[in-house]
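# Descriptive analysis of the structure
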Amino acid sequence: MDGVALCARFSIATNRLQFCGPSDAAPDLYRAITTDEGHAEAREHLSRFEALMPYLVAIASKHGLDPFDRRVVEAYWVGNDLLDAFTREDFLNLLEALVRRGLPRSVGQELRGRLPAHPIPHHMFHVAFVGVGSVTGHVETTVANMELCRPAAAEVIEVAGHRATVRNPALVLRHGRLEFGAPGTRAVDLDPQVLPAVRPGSKVAVHWGWPGMELESGQAEALAEYTQRSLAAANEAGSFQ
């Protein structure tokens, strides 16, 4: 799986909901996920996702890589060591790039003023600190939407046709801090063309209610680690006071 296909797996759900990216992107994203074709078209669509590209460009530039290098995409959506060298100055530049993509300048200035010591260019940090829907204005920033928008590692409990039951803890707000509550189960749609080998016990990454990727054990651990680091940084910033 190359970086374009990996990115499409996380991006297609929000595009189908018309939250971000070009309105006609979903068919090409799906083709890139399920076949060896259409990657050039999918890359062009993904490059127009408002909040996505500033992160991919920032991570790639830090390491001299292409924005759609697989490790760059994995860093943003799952987490890996490409994120570890990121500095506050790097994130200040990233905030300016987000402003150019649609983040209101007043919001960007407010975020600059309370940027934590160790910001992380991971999607969980974007959701919790910058705010889900803050760039496009298409989604209200609520805890429920943060839970839907974060890349969540979930364990598959049961598979029945095109539906699966998964279990994972959900975000809750306690005393002004985002934390995880007790694990709960939910039913999600399952596309066998996208995840043909999923079975009970598999770990999947769920984004906006859509399981788009089966996680290897190392990826599940990385997603848990960078999710926690992102929450710690967002809580340090006082995002929810």
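The structure contained in this document is the topic of the report that follows. All values derive from a computational prediction rather than experimental measurement.

Cut-offs and rules
- Residues numbered from 1 in each chain as written.
- Predicted model: local features only at pLDDT ≥ 70, side-chain atom pairs only at ≥ 80, totals over all residues.
- Heavy atoms only, no water.
- Helix = DSSP H or I, 4+ residues; strand = E, 2+ residues; numbered from the N terminus.
- Rg over C-alpha atoms; globule rule 2.2 N^0.38 Å.
- Buried < 20%, exposed > 50% of the residue type's maximum accessible area, 1.4 Å probe, protein only.
- Contact = heavy atoms within 4.5 Å.
- Areas by Shrake-Rupley, 256 points an atom, 1.4 Å probe, with all protein chains shown as cover.
- Lys, Arg positive; Asp, Glu negative; His and termini not counted.
- Charge placed at Lys NZ, Arg CZ, Asp CG, Glu CD.
- Disulfide = S-S within 2.5 Å.
- Salt bridge = Lys/Arg side-chain N within 4 Å of Asp/Glu carboxyl O.
- Polar contact = N/O pair within 3.5 Å; in protein donor to acceptor, adjacent residues only side chain to side chain.
- Phe/Tyr/Trp six-rings, centres within 6.5 Å; stacked < 30°, edge-to-face > 60°.
- Lys NZ or Arg CZ within 6 Å of the ring centre and 35° of its normal.
- Arc of directions from axis to C-beta.

Turning our eyes to something else, we now look at the overall build of the protein chain. Scanning the protein chain from terminus to terminus reveals 10 helices and five strands. Taken over the C-alpha trace, the protein chain has a radius of gyration of 17 Å; the compact-globule value for 241 residues is 18 Å, and the two agree within 12%. The principal-axis extent of the C-alpha atoms belonging to the protein chain is close to 50 × 40 × 30 Å. By the burial criterion, 53% of the 241 residues in the protein chain qualify as buried. Within the protein chain, counting contacts between residues at least 6 apart in sequence, those at least 24 apart form 59% of the total. If you sum the accessible surface of the protein chain, you get close to 10300 Å²; carbon and sulfur atoms cover 49% of it. Across the protein chain, 23 positive and 29 negative side-chain charges occur, with their mean positions spaced 4 Å apart.

Let us now look at the state of the cysteines. All told, the structure shown has zero disulfides when counted by the stated rule. Cysteine 7 carries a free sulfur, and the closest cysteine sulfur to it, the one in cysteine 20, is 10 Å from it. Classification of cysteine 7 as buried rests on a relative accessible area of 0%. Here cysteine 20 stays free of any disulfide, with the sulfur of cysteine 149 as its closest cysteine sulfur at 7.7 Å.

This next bit is on the pattern of salt bridges. By the definition in use, this model includes 15 salt bridges. Arginine 229 is the partner of aspartate 84 in a salt bridge, and the nearest nitrogen-oxygen pair spans 3.3 Å. Of this pair, aspartate 84 sits in the loop between helix H5 (70–77) and helix H6 (88–101) while arginine 229 is found in helix H10 (residues 217–236), placing the two residues 145 residues apart along the sequence. A residue is classified by how much of its surface remains accessible, and aspartate 84, at 41% relative accessible area, is partly exposed. In this structure arginine 229 comes out as partly exposed when scored by relative accessible area, which is 32%.

Checked against the element boundaries, asparagine 145 lands in helix H9 (residues 143–149). According to the relative accessible area criterion, asparagine 145 is buried, its value standing at 17%. Setting aside anything within four residues of it in sequence, one finds asparagine 145 in contact with Val132, Val139, Glu140 and Trp208.

Below, the discussion takes up H5. Of all eight residues in H5, six are buried, a share of seventy percent or more. Residues Val72, Val73, Glu74, Ala75, Tyr76 and Trp77 constitute the buried set of H5. Contact partners of the buried residues in H5: helix H1 (3–16), helix H4 (52–63), helix H8 (123–131), strand E4 (203–207) and H10. Of the residues flanking the start of H5, the one acting as N-cap is aspartate 69, its side-chain oxygen 2.8 Å from the backbone nitrogen of arginine 71. After H5 finishes, the residue glycine 79 shows a positive phi value of roughly 120°.

Here the focus is the packing of aromatic side chains. The description of an aromatic ring pair rests on the distance of the ring centres and on the angle between the ring planes. Tallied over the entire structure, the rule returns nine aromatic pairs. Between tyrosine 76 and tryptophan 77, the aromatic rings sit 5.0 Å apart at their centres with planes inclined by 65°, giving edge-to-face as the arrangement. Using a relative accessible area of 4% as the deciding quantity, one classes tryptophan 77 as buried. Members of the aromatic cluster, connected to one another through ring pairs, are Phe10, Tyr55, Tyr76, Trp77, Phe86, Phe91, Phe125 and Phe129. Above the ring of tryptophan 210, the side-chain terminus of arginine 16 is found at 5.4 Å from the ring centroid.

All right, on to helix H2 (residues 26–34) then. Burial in H2 covers these residues: Ala26, Asp28, Leu29, Ala32 and Ile33. Projected onto a plane normal to the axis of H2, the buried residues spread over an arc of 165° and lie on a single side. Packing partners of the buried residues in H2 comprise H1 and helix H3 (39–46).

Right, let's talk about the side chain of arginine 9 for a bit. Within the secondary structure, arginine 9 is located in helix H1. Here arginine 9 is buried and forms no salt bridge, its nearest opposite-charge partner glutamate 214 lying at an N-O distance of 8.1 Å. A distance of 2.8 Å separates a polar side-chain atom of arginine 9 from the backbone oxygen of glycine 212. Residues in contact with arginine 9, not counting those within four places in the same chain, are Met1, Ile33, Val194, Leu195, Trp210, Gly212 and Met213.

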